[in-house]
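Residues per chain, in single letters:
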Amino acid sequence: MSAPLYQLKAEFFKTLGHPARIRVLELLSERDHAVAEMLPEVGIEPAHLSQQLAVLRRAGLVVSRKDGSSVIYSLTSPRVAELLAVARAILTGVLAEQAQLLDDLRASPGTP
């Protein structure tokens, strides 16, 4: 028996549930990157980046290829970049609402 779709979706979002993996996907949304290029941008140790890339490979979100002595990573689908853009739009809306609420609270008379 196969897993229900909602369970597969939960596993998919768990894969995205790490800041380093999100940063890698953001970088790869711009263009393909060599591991050495990603290291300073992601800000983690090489072994940790390797682990995070392996998680993304196993999930089918990225692929790698050799180019001389470099390993180049790319997204498997442009839809990953679209998903990150939608997440950004959602967060922008949520944060804007929170900022408005904070402004309203600050403007309310009689509140400490």
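The name an unreviewed UniProt entry assigns to the chain is Putative HTH-type transcriptional regulator, from the organism Actinomadura rubteroloni.

Colleague: Just checking my understanding: could you explain the pattern of salt bridges for this structure?
Modeller: A side chain with one charge can pair with a side chain of the opposite charge if their charged atoms come near. What the rule picks out here adds up to 5 salt bridges. Across the pair Glu37 and Arg31 runs a salt bridge whose closest N-O atoms are separated by 3.2 Å. Among the charged side chains, a salt-bridge network with shared partners connects Arg23, Glu26 and Glu41.

Colleague: Help me out: how do you make sense of the pairing of strand β3 (residues 70–75) in this one?
Modeller: Within a regular strand, the side chains alternate between the two sheet faces. Direction of pairing for strand β1 (residues 33–34) relative to β3: antiparallel, over a ladder of 2 bridges. In the strand pairing of β3, His33 is matched with Tyr73. From the end of strand β2 (residues 62–67) to the start of β3, which pair antiparallel, there are 2 residues, and Gly68 there has a positive phi angle of about 65°.

Colleague: Where do I start with the side chain of Arg21 in this structure?
Modeller: Take Arg21: it is sitting in helix α2 (residues 19–30). Notably, Arg21 is buried but unbridged: the nearest opposite-charge side chain belongs to Glu11, and the N-O separation is 9.6 Å. One polar contact links Arg21 to Gln52, side chain to side chain, over a distance of 2.5 Å. Among residues more than four places away in sequence, those in contact with Arg21 are Lys14, Thr15, Gln52, Val55 and Leu56.

Colleague: Would you mind going over the packing of α2 against helix α5 (residues 78–107) with me for this structure?
Modeller: What describes two packed helices is the angle between their axes and the distance between those same axes. Packing of α2 against α5 leaves a shortest axis separation of 9 Å and a crossing angle of 115°. Where α2 crosses over α5, the handedness of that crossing is left-handed. Mapping the contact onto sequence places Ile22, Leu25, Glu26 and Ser29 in α2 and Val80, Ala81 and Leu84 in α5. Split by residue class, the contact of α2 with α5 holds 5 nonpolar, 1 polar and 1 charged.

Colleague: Explain the environment of Val86 here, please?
Modeller: Relative to the elements of secondary structure, Val86 occurs in helix α5. Judged by relative accessible area, Val86 falls into the partly exposed class, the value being 46%. When the C-alpha positions of Val86 and Leu75 are compared, they lie 17 Å apart, and in sequence the two are 11 residues distant.

Colleague: Even after reading the chapter, I still don't get the packing of helix α3 (residues 35–42) against helix α4 (residues 46–58), so can you show me in this structure?
Modeller: One can describe the packing of α3 onto α4 by two numbers: an axis separation of 10 Å at closest approach and a directional angle of 105°. Comparing the axis directions of α3 and α4 gives the class roughly perpendicular. Contacts from Val35, Met38, Leu39 and Val42 in α3 reach Pro46, Leu49 and Leu53 in α4. Classifying every residue of the contact of α3 with α4 by side-chain character gives 7 nonpolar, no polar and no charged.

Calculation criteria
- Residues numbered from 1 in each chain as written.
- Predicted model: local features only at pLDDT ≥ 70, side-chain atom pairs only at ≥ 80, totals over all residues.
- Heavy atoms only, no water.
- Salt bridge = Lys/Arg side-chain N within 4 Å of Asp/Glu carboxyl O.
- Pairing = 2+ DSSP bridges.
- Helix = DSSP H or I, 4+ residues; strand = E, 2+ residues; numbered from the N terminus.
- Buried < 20%, exposed > 50% of the residue type's maximum accessible area, 1.4 Å probe, protein only.
- Lys, Arg positive; Asp, Glu negative; His and termini not counted.
- Polar contact = N/O pair within 3.5 Å; in protein donor to acceptor, adjacent residues only side chain to side chain.
- Contact = heavy atoms within 4.5 Å.
- Axes fitted to C-alpha atoms, helices over the stretch in contact; angles between N-to-C directions.
- Left-handed = near helix turned anticlockwise from the far one by under 90°.
- Nonpolar A, V, L, I, M, F, W, Y, C, P; charged D, E, K, R; others polar.
- Parallel < 35°, antiparallel > 145°, perpendicular 65-115°, else oblique.

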